[in-house]
Amino acid sequence: MIIKNVKSIGNLYLDSVFFEIESEPLVFSCNDERNNLYFGHKKSNENRFFIVPIDKQKLKLLKERKNSIKETILSSSMIFDIRITKDNTFTKLKRIHDINVSELPPDYLYLRI
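Read on for an overview of the structure. Just so it is clear, the model here is predicted, and its values are computed rather than measured.

## Section: the nonpolar core
Of all hydrophobic cores here, the largest spans 16 residues; its most connected members are Phe39, Ile69, Ile73 and Ile79. Of all the elements in the fold, those that place two or more residues in this core are strand S4 (37-42), strand S5 (48-53), helix H1 (56-63) and helix H2 (69-74). Residues within four places of Ile69 in sequence aside, it is in contact with Val27, Phe39, Leu62, Pro105, Leu109 and Leu111. In terms of nonpolar packing, the next biggest core, distinct from the first, is built from 11 residues, Ile3, Ile9, Phe49 and Phe80 among them.

## Here we look at the layout of surface pockets
One number sums up the size of the largest pocket: a volume of about 360 Å³. Contributing to the lining of the largest pocket are 19 residues, with Phe19, Val27, Ile69, Leu109 and Tyr110 lying nearest its centre. Listing elements by their share of the lining of the largest pocket, those giving two or more residues are strand S2 (10-21), strand S3 (24-31) and S4. Top contributing element to the lining of the largest pocket by residue count: S2, with 3 residues. Residues belonging to the lining of the largest pocket are distributed by class as follows: 12 nonpolar, 2 polar and 5 charged.

## A look at the sheet that holds strand S6 (residues 78-84)
Judged by pairing direction, the sheet is antiparallel, and its 7 strands sit side by side in the order S1-S2-S3-S4-S5-S6-S7 without closing on themselves. Both edges of this open sheet fall to strand S1 (2-6) and strand S7 (89-95), since each of them pairs with a single strand only. Going across the sheet, the axis of each strand differs from the next one's by a mean of 30°, ignoring polarity. Of the pairings in the sheet, the one linking S6 to S7 comprises 7 bridges and is antiparallel in character. Following the sheet pairing, Ile79 is matched in S7 by Lys94.

Reading the values: the criteria
- Residues numbered from 1 in each chain as written.
- Predicted model: local features only at pLDDT ≥ 70, side-chain atom pairs only at ≥ 80, totals over all residues.
- Heavy atoms only, no water.
- Core = buried A, V, L, I, M, F, W, Y, C linked by side-chain atoms within 4.5 Å.
- Buried < 20%, exposed > 50% of the residue type's maximum accessible area, 1.4 Å probe, protein only.
- Helix = DSSP H or I, 4+ residues; strand = E, 2+ residues; numbered from the N terminus.
- Contact = heavy atoms within 4.5 Å.
- 1 Å grid on protein atoms, 1.4 Å probe; cavity = no way out; pocket = protein on both sides within 12 Å on 5 of 7 lines; lining within 4 Å.
- Points joined across faces, edges and corners; volume = space filled by probe spheres on them.
- Nonpolar A, V, L, I, M, F, W, Y, C, P; charged D, E, K, R; others polar.
- Pairing = 2+ DSSP bridges.
- Axes fitted to C-alpha atoms, helices over the stretch in contact; angles between N-to-C directions.

Given below as structure tokens:
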């Protein structure tokens, strides 16, 4: 999976898939062309992604189930709200406090690895 032409990032390349449905990644990590690490959540039934920069320590806490998916996303100061259509990729870079938290996974959702 590649998410192309993300504003301020470029292309994103799938690194690890933590949860998928019908071979479609819903919770994953990815890298940009400079090998920066990101954590992503795809809203099911939509072509919409929430992507946040993440470091290896935060990813470790997520994998160890010490932080929920929502906590991991909210621990960032910025979030990329990405919508993909057949022809374009639309990206909004937002402050984390400007997103509607009801669009994120529930508080109790943790990874199962």
